[in-house]
Amino acid sequence: MHVSTNDGTRIHYMDEGDGQPLVMIHGWCFSHRFFTRNLDTLAEHARVIAFDLRGHGDSDKPTHGYRISRLARDLFDLLEHLDLRRVTVLGWSLGCPVIWSYLELFGNHRLARAVFIEQTPRQYRSTDWTYTHATCYDEASLAATQTQVELDTANFDRQQLETIMATHPSEQERKLLLAEMAKAPPAVRNALMADHTRHDWRDLLPTITLPSLVLVARKDKVFPWQGPAWVGKKIPHAQTVFFEDSSHALFLDEADKFNRTVSRFMQAEPQVTA
């Protein structure tokens, strides 16, 4: 299924289950199929909508629009098209800034709750911030990342998959996930990372009024766990849950715990609604 955004880009999404809507947003260079261990289980308790960001998966790959603010508008268009209300919006990695930008631009419109998974509010190192991205933490390391993505995409993807998981996927899963990553062109990835990695969202977090759940992986190889945990400290009244045996893709490493945690959070009555 697809929805067209206001600039004519077709966004691919899946829609399963009934009940309260849960909208799931994947990370940079991945797709909604990275939630392969979660979608069916979560759909037993909610209406699950998982979509591919523009330039990723089976969504269109236009030559423009690879900015966090544009992705936030794409999310807005999806919610409007499906007329979703009282949404629990869930972002993993890059998906978190998409939600943060949405909140900055559109407030709590159509949203009831938010789940933030494994993202630091600032990826670059500074005198007052050390919980940075492991390999993309300043302009020089950004350029190095972009060069590897452009010149050695397949090897970059294999390394990424090893980095984001503390466990090992089955060979079938591995092939599926690598095939999904291959759908994101290097030019798309590099344009989006150039915008994404320079943002600093620390000032926004204390203004969030949605009931929020923050999920943190202790063994993350992408960020020190203190960065994502800082998000939980700064969002008012947020619940923070630690995953002791997970890397960046904690919903794959500890899928059962993830599914239970998100389902319970959705079943609780939210205190703030749009």
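The structure contained in this document is the topic of the report that follows. (Residues numbered from 1 in each chain as written. Predicted model: local features only at pLDDT ≥ 70, side-chain atom pairs only at ≥ 80, totals over all residues. Heavy atoms only, no water.)

## Some thoughts on the overall build of the protein
How we decide: Secondary structure elements are defined from DSSP: runs of H or I of at least 4 residues count as helices, runs of E of at least 2 residues count as strands, and each element is numbered from the N terminus. Two things to know: the radius of gyration comes from C-alpha atoms, and the globule rule equals 2.2 Å times the number of residues to the power 0.38. Throughout, exposure labels follow a simple rule: accessible area from a 1.4 Å probe, protein chains only, divided by the maximum for the residue type, with under 20% read as buried, over 50% as exposed, and the rest as partly exposed. By definition, residues are in contact when any of their heavy atoms lie within 4.5 Å. To measure how exposed things are, a 1.4 Å probe is used in the Shrake-Rupley method; for residues, cover is taken only from the protein chains shown. When charges are counted, Lys and Arg contribute as positive and Asp and Glu as negative, whereas His and the chain ends are disregarded. Every charge is mapped onto a representative atom, which is NZ of Lys, CZ of Arg, CG of Asp or CD of Glu.
A tally of helices and strands in the protein yields 10 helices and eight strands. The C-alpha atoms of the protein give 17 Å as radius of gyration, which agrees with the globular expectation for 274 residues (19 Å, within 12%). Taken along the three principal axes of its C-alpha coordinates, the protein extends 45 × 40 × 35 Å. Counting every position in the protein, which comprises 274 residues, the buried fraction comes to 56%. The contacts in the protein between residues at least 6 apart in sequence include a share of 77% that link residues at least 24 apart. When the accessible area of the protein is evaluated, it comes to approximately 11100 Å², of which 48% is carbon and sulfur surface. Each charge class in the protein was averaged separately, 30 positive and 35 negative side chains, and the resulting centres sit 2 Å apart.

## Focus on the nonpolar core
Cut-off, in case you're wondering: Among buried residues, the Ala, Val, Leu, Ile, Met, Phe, Trp, Tyr and Cys ones that are joined through side-chain atoms within 4.5 Å form a nonpolar core.
With 87 residues, the main nonpolar core has Met24, Phe34 and Phe258 as its most contacted residues. In terms of residue count, the dominant contributor to this core is helix α2 (residues 68-82) (eight residues).

## Here we look at unusual backbone geometry
In this model, Ser93 sits at a positive phi of 55°, which is unusual for a non-glycine residue. Residue class for Ser93 comes out buried when judged on its relative accessible area of 11%. Unusually for a residue other than glycine, His237 sits at a positive phi of about 65°. On the basis of relative accessibility, which here comes to 78%, the residue His237 falls in the exposed class.

## Considering the packing of aromatic side chains
Two aromatic rings are characterised by how far apart their centres lie and by the angle between their planes. What counts is decided by this rule: Stacked, tilted and edge-to-face pairs are distinguished by plane angle, under 30 degrees for stacked and over 60 for edge-to-face with tilted covering the rest, among Phe, Tyr and Trp rings (Trp via its six-membered ring) whose centres lie within 6.5 Å. To sit over a ring, a charge needs its Lys NZ or Arg CZ within 6 Å of the ring centre and within 35 degrees of the ring normal.
Taken as a whole, this structure holds 16 aromatic pairs when the rule is applied. Taking 6.4 Å as the distance between ring centres and 70° as the angle between the ring planes, the aromatic pair formed by Phe35 and Trp92 counts as edge-to-face. One end of the pair, Phe35, is in the loop between β3 (21-25) and α1 (39-42); the other, Trp92, is in strand β5 (residues 87-92), and 57 residues separate them in sequence. For the residue pair Phe35 and Trp92, the accessibility class agrees, reading buried in each case. Pairing Trp100 with Phe116 gives two aromatic rings, centres 5.7 Å apart and planes at 40°, and the pair type is tilted. Here Trp100 is found in helix α3 (residues 95-106), whereas its partner Phe116 is found in strand β6 (residues 111-117), with 16 residues between them in sequence. The exposure class assigned to Trp100 is buried, which follows from its relative accessible area of 0%. What makes Phe116 buried here is its relative accessible area of 1%. Taken together, the ring pairs in this structure connect Phe30, Phe34, Phe35, Trp92, Phe251 and Phe258 into an aromatic cluster. In this structure, Arg125 is placed above the aromatic ring of Tyr137, and the distance from its NZ or CZ to the ring centre is 4.5 Å. Over the aromatic face of Phe243 sits the side chain of Lys257, whose NZ or CZ is 4.6 Å from the ring centroid.

## Section: the side chain of Ser263
Residue placement: Ser263 occurs in helix α10 (residues 255-267). Among the residues examined, Ser263 registers a relative accessible area of 8% and is labelled buried.

## What about the sheet that holds β3?
For clarity, the cut-off: Any two strands between which DSSP finds at least two bridges are classified as paired. Orientation is described by axes fitted as lines to C-alpha atoms, over the contacting stretch for helices, and by angles from 0 to 180 degrees between their N-to-C directions.
If you walk across this open sheet you meet the eight strands as β1-β2-β4-β3-β5-β6-β7-β8, and the pairing is mixed. Edge strands, defined here as strands with exactly one partner in the open sheet, are β1 (2-4) and β8 (239-243). On average, each strand axis in the sheet is inclined to that of its neighbour by 20°, with strand direction left out of account. Note: strand β7 (residues 212-217) against β8, five bridges, orientation parallel. For Val214, the partnering residue across the bridge sits in β8 and is Thr240.

## Some thoughts on the pattern of salt bridges
A side chain of one charge can pair with a side chain of the opposite charge if their charged atoms are brought near each other. Put simply, the rule is: Salt bridges are counted wherever a side-chain nitrogen of Lys or Arg sits within 4 Å of a carboxyl oxygen of Asp or Glu.
A complete count under the given rule lists 23 salt bridges for this structure. For the salt bridge of Arg70 with Asp77, the shortest nitrogen-to-oxygen distance reads 3.5 Å. When its relative accessible area of 14% is taken as the criterion, Arg70 is described as buried. In this structure, Asp157 and Arg189 form a salt bridge, with 2.6 Å as the shortest nitrogen-oxygen distance. With Asp157 in helix α5 (residues 153-164) and Arg189 in helix α7 (residues 186-196), the pair connects residues that are 32 residues apart, well separated along the chain. Grouping residues by exposure puts Asp157 and Arg189 together as buried. Among the charged side chains, a salt-bridge network with shared partners connects Asp7, Arg54, Arg70, Arg73, Asp74 and Asp77.

In short, shape yes, function no, at least from these values alone.
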